[in-house]
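Each chain, written out:
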Amino acid sequence: MIPSLGYLEEELLYPTRSARFESARRMRLTHQCALWGQGISAIAMIAWSVAPLFYPRVAQGGHLSFFNIIASVYILALAMHQQAANYVDRARSLEASARRIDSLRRLVQASILE
């Protein structure tokens, strides 16, 4: 029979472990959403750059160059934020910490059995 750690296990270890796994999942999701945002902005910028070839009247208004500048700045800012946030490495660290909590719990249970 595996001994129960009672309060320590139910009130501290499981919620902490679960919160770390959930935070890691959210960080990975944030990273994926940012990548999609970068991709969509890049596609829009390419479309706005190619549009004058097919629709010369649209290019005369000057709006396309403004949208290209905005899309370029957005892609640059999003890429710099992604690099600074380092979501993937932080998610790995949180998952490793949650696994370490499990190994420490098993170690404490094993020491109780002795």
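It should be emphasised that the depicted structure is a prediction, and the values quoted were computed from it without experimental measurement. (Residues numbered from 1 in each chain as written. Predicted model: local features only at pLDDT ≥ 70, side-chain atom pairs only at ≥ 80, totals over all residues. Heavy atoms only, no water.)

Participant: Would you explain the side chain of Gln-82 in this entry?
Facilitator: With respect to the helices, strands and loops of the structure, Gln-82 is situated in helix H3 (residues 63–85). Beyond its immediate sequence surroundings of up to four residues, Gln-82 is in contact with Thr-30, His-31, Ala-34, Gln-38 and Tyr-87. (Helix = DSSP H or I, 4+ residues; strand = E, 2+ residues; numbered from the N terminus. Contact = heavy atoms within 4.5 Å.)

Participant: I would appreciate a short explanation of the pattern of salt bridges in the present structure.
Facilitator: Once their charged atoms are close, side chains differing in charge can pair, the charge on each being opposite to the other. A full pass over the atoms with the stated rule returns five salt bridges. Because the salt bridges share partners, they merge into one network encompassing Glu-22, Arg-25 and Arg-26. (Salt bridge = Lys/Arg side-chain N within 4 Å of Asp/Glu carboxyl O.)

Participant: Please explain H3 as it appears in this structure.
Facilitator: Count 3.6 residues to each turn of an α-helix, and residues three or four apart come out pointing the same way. Helix length check: H3 (23 residues) gives 33 Å between terminal C-alpha atoms against 33 Å at 1.5 Å per residue, within 8%. By the burial criterion, the buried members of H3 are Leu-64, Asn-68, Ala-71, Ile-75, Leu-78, Gln-82 and Ala-85. Looking one or two places after H3, you find Asn-86, whose phi comes out positive at around 55 degrees. (Expected span 1.5 Å × (residues − 1). Buried < 20%, exposed > 50% of the residue type's maximum accessible area, 1.4 Å probe, protein only.)

Participant: So what exactly am I meant to see when it comes to the environment of Glu-95 here?
Facilitator: Secondary-structure assignment places Glu-95 in helix H4 (residues 87–113). What makes Glu-95 buried here is its relative accessible area of 17%. Residues Glu-95 and Gly-37 lie 58 residues apart in sequence; the distance between their C-alpha atoms is 25 Å. Excluding its chain neighbours within four sequence positions, the residues that come into contact with Glu-95 are Phe-21, Ala-24 and Arg-28.

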